[in-house]
Amino acid sequence: MSNQSSYTLDELAALTGAAVHGNGDIFVKEVATINHAKSDQITFLANPLYRKHLATTQAGAVILSPTDVAACPTNALISPNPYATYAHIAQLLAPPNTYTVVGIHPTAIIAKTATIAESASIGAYVVIGDNAVIENDVIIGAGSVIGAECSIGAQTLLHPNVTLYARVKLGQHIIIHSGAIIGSDGFGFANERGRWIKVPQVGAVIIGDEVEIGANTTIDRGALGDTIIEENVKIDNQVQIAHNVSIGAHTVIAGFVGIAGSTRVGRYCMIGGATCLSGHIEVCDKVVISGMAMITSSITQPGFYSSGTGFDNNARWKKNAARFKRLDELARRVHQLERVITQMTEKSLEKAE
Amino acid sequence: MSNQSSYTLDELAALTGAAVHGNGDIFVKEVATINHAKSDQITFLANPLYRKHLATTQAGAVILSPTDVAACPTNALISPNPYATYAHIAQLLAPPNTYTVVGIHPTAIIAKTATIAESASIGAYVVIGDNAVIENDVIIGAGSVIGAECSIGAQTLLHPNVTLYARVKLGQHIIIHSGAIIGSDGFGFANERGRWIKVPQVGAVIIGDEVEIGANTTIDRGALGDTIIEENVKIDNQVQIAHNVSIGAHTVIAGFVGIAGSTRVGRYCMIGGATCLSGHIEVCDKVVISGMAMITSSITQPGFYSSGTGFDNNARWKKNAARFKRLDELARRVHQLERVITQMTEKSLEKAE
Amino acid sequence: MSNQSSYTLDELAALTGAAVHGNGDIFVKEVATINHAKSDQITFLANPLYRKHLATTQAGAVILSPTDVAACPTNALISPNPYATYAHIAQLLAPPNTYTVVGIHPTAIIAKTATIAESASIGAYVVIGDNAVIENDVIIGAGSVIGAECSIGAQTLLHPNVTLYARVKLGQHIIIHSGAIIGSDGFGFANERGRWIKVPQVGAVIIGDEVEIGANTTIDRGALGDTIIEENVKIDNQVQIAHNVSIGAHTVIAGFVGIAGSTRVGRYCMIGGATCLSGHIEVCDKVVISGMAMITSSITQPGFYSSGTGFDNNARWKKNAARFKRLDELARRVHQLERVITQMTEKSLEKAE
């Protein structure tokens, strides 16, 4: 990433395929929100809720869709997908990562059998185990521990205090946030006369290119066989992925999601925060699940799924929740009423005949 | 904190504004529960459930309210708010923090451009980035990583293995527990032809005075603009606070709470464990939410809110949960019954006329 | 653990009490799944779903129950509990832990007053506080921080980046995964005129033999008195155990479970993922709770308990969830219908008389 300190609109248009409206020679050096941006900043309009700020924006330029250009009081970059164009431009303008060191910090402890690319940046107090392979331009933040026989693909970034157990395979262009633990033992125990015995977890974890893994997320290694995260999956903070789970490419998983052992999630899914999936189920491609849902069986059709109950004033909720505990009885009573009514109606019909 | 090893009751009364009942000259050196305290320990009575232990307590002194003093068999400190008085006294009697080192541990790696107060204690293997500012009496536990341009206000304590990303601003008298990650990237991605593109998170995190943040809690930096935690907010373990959230002063957040992006929580709120708040909503001041609630829209009135269903024997629960999935149909059937009954009643009234 | 690189079937039979079927002289060196195992690997058949693979397995040997031996096309180890026998054999065949170093890594910082057994392995950048006691064959992974006055029993393994606060007592044969935080302050605050004051947490954490604690799990120290985890308890990733909780022996706790303060869980319980228990309740022995359940009061009878609602297509769920918010009213309407019908029936009976 050859981050410059500023770009002209023309340069940004050339780099992103957007069209310039207005003065392509102006320089912008930062991104900002539409209502706070100044003349040396660029902003974007993607959410209609913010359209009201367009007329008064002080931004040097606005990234927007063709339909909004007529109302734009300043320079613009026109894109059919303004948010994606903004993402590319924000990446160009982002300050360089502050963990970057040149080469290997003298306090890093690296096994003799490990292979570290010359262009990699290994931070202070990093520990790297036997036979690990660290490829070009990898950045490993301070205090991270990389287990034996791990491999980390080019351009991958580990923030500080990440832990990889042995034999974790990371692809390229991955970002792993601090506190994430990859390759910890799956939760496997056999019961022998009431006592739990550990079942060694001898599989691995394999993570594809362009995955992002949030802070304090945990991904367990397979029991036998591997836990697999396919390319371009995005995982938020404090997610728990159990042993032998597989997640299909381009799936997005919000914070606190828990996926139990051996479950398979398809491609292009979106799983809302704090939703949990039972073990040994399958979720097909293109499934959207709202937050806090309890998914206890496989989902075989793309679509939008939910569970739970809405919130309410506690007094009303208490009454309703109490009724829930007798809902089956209520349904039986309704059924009984229907029977009585039907009999009564039949009788009165008989009389009428 | 000039922790002494013991205090007389008179000294504690003077320091906390409580009144002495009995012998003010006795020394106490530790706090203990009312049923385990010994003659050199002080205890408290705040919860009526423990009043039964008052008559037989062996404590040197009891902190209690004026209404309980008559029944107290030993010395007492009388306070209108015994639990708060206990909190102050327990702070005085608490053993000094064991992480405290004098000055900077020789293994700490501190950027040349960082500013560290002479009275700060920087633990072993701490890494501090460029232009960071660490103020008086700050304690940073071993293995913590402080990103570039962070600032940490006076008297703030970071337990070991805390991670601050760049540009996190901490006020004074803050406590951050181990494993907490502050300033990690918010979860922001733009979709471009099915592929997720990272939206750089360029905002910061600003945390007010007297905040406490629990172990393994994560607080993401803003996307644009900042994530803000106001003064005296108390956050338990494993809480997740997303980008651009703001939390008002004096709000208390229990473990596992998740707050999605851009949501604003008011002042003096209490949020129960494992409750989740959707993104882009507002919760007004003085809202209390029970645990495991799903808050999917704004709350505009102070009060007590809940969601979920009570637990039950699995067999009964299963029947009720199955009925829930046809609750709309059940309601329609009840409505239909009401119509039929109304018709029948009207007919019989007609006949009667 | 004197892990050999391979064993004969006869040796494994002798070590586990299983009976050999077929050739006891063959060597196996790894475990594998029944459908992937090769001739130098051993597998097991415990779940009937996998019985279909028995006829075609290429494994050198299969661990199975007496009833399956007739159908086994290869060598077998016969056991009444094949999964437990598998667990023992997988432990024998597991590769040795890669964190093991001989003695104390030169970068470890150990208080002069700490006692470290000669056979312990202390990893790089470990920090150990005053008066800590580390017993025989303990392994402490890189970057872990052990507070003052902790004790760690023989054979216990801490993976990298574990944090123990002061005065945590660990038994023998414990495994603690990376990112776990043991002994952090419980969540205790007194309110004084709207402002929260910290209540010092001066208790400890005591953990029994053969406990396993998952990655990024947090266990708070007691406020007064201790948090207690009894022997052979197994705790998954990202579990939160609050101050003064006690967990009985042989209980299993899945990921994301939260247990609030002072709650007591019995022995031989199984708690499903993401279930939360309120504070100050008791769960008796041999209770099984499904995932995502909300346990708000004590459970006094062994059995299987659940809460929540099943998931559904979002459109249907929305309708049902809306009805839930008026469930009490619906129940009242049903009751009213029942009264009307009873009156009508009585009237028609009167007429008939």
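What counts and what doesn't
- Note that residues are indexed from 1 along each chain, following the sequence as it is written.
- The naming scheme follows written order: chains are lettered A onward, ligands numbered 1 onward.
- Local features in a predicted model are, by the rule used here, given only for residues with pLDDT of at least 70; side-chain atom pairs are given and counted only at 80 or more, and totals for whole chains, interfaces and linings are based on all residues.
- Nonpolar core, as used here: buried Ala, Val, Leu, Ile, Met, Phe, Trp, Tyr and Cys residues forming one set through C-beta atoms within 7 Å.
- Partly exposed residues are those whose C-beta has more than 12 but fewer than 20 other C-beta atoms within 10 Å; with 20 or more the residue is buried, with 12 or fewer it is exposed, and the C-beta atoms are placed from the backbone.
- Contact between two residues is assigned whenever their backbone-derived C-beta positions fall within 7 Å.
- In this description a helix means any DSSP run of H or I spanning at least four residues, a strand means any run of E spanning at least two, and both kinds are numbered starting from the N terminus.
- Gly falls in the polar group here, along with every residue not listed as nonpolar (Ala, Val, Leu, Ile, Met, Phe, Trp, Tyr, Cys, Pro) or charged (Asp, Glu, Lys, Arg).
- Whether two strands pair comes down to DSSP finding at least two bridges between them.
- This arc is built from the directions going out from the helix axis to the C-beta atoms.
- Either an automatic procedure or a domain database provided the assignment from which the domain bounds are taken.
- Only residues with pLDDT of at least 70 in both copies contribute their C-alpha atoms to the least-squares superposition of the copies.
- Lines fitted to C-alpha atoms define the axes, with helix axes restricted to the stretch in contact, and inter-axis angles between N-to-C directions lie between 0 and 180 degrees.
- Multiplying 1.5 Å by the helix residue count minus one yields the expected span of that helix.

Membership of the largest hydrophobic core comes to 330 residues, with the highest contact counts inside it found for A:Val62, B:Val62 and C:Val62. Those residues in contact with A:Val62 that lie beyond four places of it in its chain are A:Ile34, A:Thr43, A:Phe44, A:Leu45, A:Leu54, A:Thr57, A:Cys72, A:Thr74 and A:Ala76. Formed by 24 residues, the second largest nonpolar core is a distinct cluster that contains A:Trp317, A:Ala331, C:Trp317 and C:Leu330.

Bringing the interface of chain C and chain A into the picture now. Between chain C and chain A, the contact holds 60 residues from the first and 64 residues from the second. Those elements that place two or more of their residues in the side of chain C that touches chain A are helix 2 (82-93), strand 39 (312-313), helix 3 (314-324) and helix 4 (327-352) of chain C. Along the lines of polarity and charge, the residues of the side of chain C that touches chain A split into 28 nonpolar, 25 polar and 7 charged. Pairing of strand 38 (residues 303-306) of chain A with strand 39 of chain C, which is carried by 2 bridges, proceeds in the antiparallel orientation. Paired with A:Ser306 across the two strands is C:Asp312, which belongs to strand 39 of chain C.

In the Ramachandran plot, A:Asn161 falls in the positive-phi region, its phi being about 60° despite a non-glycine side chain. By secondary structure assignment, the location of A:Asn161 is in the loop between strand 16 (157-158) and strand 17 (163-164). Here the phi dihedral of C:Tyr268 falls at roughly 60°; this positive angle occurs in a residue that is not glycine. Checked against the element boundaries, C:Tyr268 lands in the loop between strand 32 (264-265) and strand 33 (270-271).

Okay, helix 3 of chain C next. Given 3.6 residues per turn, any residue in an α-helix points the same way as the ones three and four places further on. Of the positions making up helix 3 of chain C, those classed as buried are C:Trp317, C:Asn320, C:Ala321, C:Arg323 and C:Phe324. Down the axis of helix 3 of chain C, the buried side of the element spans an arc of 155°, and every buried residue falls inside it. Those residues of helix 3 of chain C hidden inside the fold are in contact with strand 38 and helix 3 (314-324) of chain A, helix 3 (314-324) and helix 4 (327-352) of chain B together with strand 39 and helix 4 of chain C.

Attention now goes to the domain arrangement of chain A. The domain boundaries assigned to chain A delineate domain 1 (7-93), domain 2 (109-305) and domain 3 (315-352). Each of domain 1 of chain A and domain 3 of chain A has a C-alpha centre, and the two are 61 Å apart.

Turning next to the relation of the copies chain C and chain A. At an RMSD of 0.1 Å, chain C and chain A line up after a rotation of 120° and a shift of 0.0 Å along the axis. In the structure described here, the two chain copies are related by an operation that fits a three-fold rotation axis.

Residues and elements named next belong to chain B. Across the sheet, which stays open at both edges, the 9 strands sit in the order 9-12-15-18-23-26-29-32-35 with parallel pairing between neighbours. The open sheet terminates on both sides in strands that have one partner only, identified here as strand 9 (115-116) and strand 35 (282-283). Taken together, the 3 bridges between strand 18 (residues 168-170) and strand 23 (residues 205-207) define a ladder with parallel strand orientation. When the bridges of strand 23 are listed, Leu-170 appears paired with Ile-207.

The next subject is the environment of C:Gln172. Residue and element names in this part refer to chain C. Tracing the chain through its elements places Gln-172 in the loop between strand 18 (168-170) and strand 19 (175-176). Once the C-alpha coordinates of Gln-172 and Ile-207 are considered, the two residues, 35 residues apart in sequence, prove to be 9.1 Å apart. For Gln-172, the contacting residues outside a window of four places in its chain are Gly-153, Ala-154, Gln-155, Thr-156 and Asp-209.

The strands making up a sheet associate through hydrogen bonds between their backbones, and the pairing can be parallel or antiparallel. Residue and element names in this part refer to chain B. Strand order in the open sheet made by the 5 strands is 2-7-6-5-4, with mixed pairing throughout. Each of the sheet's edge strands pairs with one partner strand only, and the pair in question is strand 2 (19-21) and strand 4 (30-31). Here strand 6 (residues 61-64) runs beside strand 7 (residues 75-78); their pairing, made up of 4 bridges, is parallel. Its bridge partner being in strand 7, Val-62 is matched across the sheet by Ala-76. Most of the contacts of helix 2 (residues 82-93) go to strand 6, to which it runs at about 135°, and overall it touches strand 4, strand 5 (41-44), strand 6 and strand 7.

What follows deals with helix 4 of chain B. Counted at 1.5 Å a residue, the expected span for helix 4 of chain B with its 26 residues is 38 Å, and the 37 Å between its end C-alpha atoms agrees. Inspection of helix 4 of chain B places B:Leu327, B:Leu330, B:Ala331, B:Val334 and B:Leu337 among the buried residues, and these make up the whole buried set. In the core, the buried residues of helix 4 of chain B are packed alongside helix 4 (327-352) of chain A, helix 3 of chain B together with helix 3 and helix 4 of chain C.

What follows concerns the environment of C:Asp209. All names here are of chain C. As for its position among the elements, Asp-209 is in the loop between strand 23 (205-207) and strand 24 (212-213). On the basis of neighbour count, Asp-209 is assigned to the partly exposed category, with 17 C-beta atoms found within 10 Å. Remark: the alpha-carbon pair of Asp-209 and Gly-171, spanning 38 residues in sequence, is separated by 4.5 Å. When near neighbours in sequence (up to four residues on either side) are disregarded, Asp-209 contacts Gly-153, Gly-171, Gln-172, His-173, Ile-174 and Glu-231.

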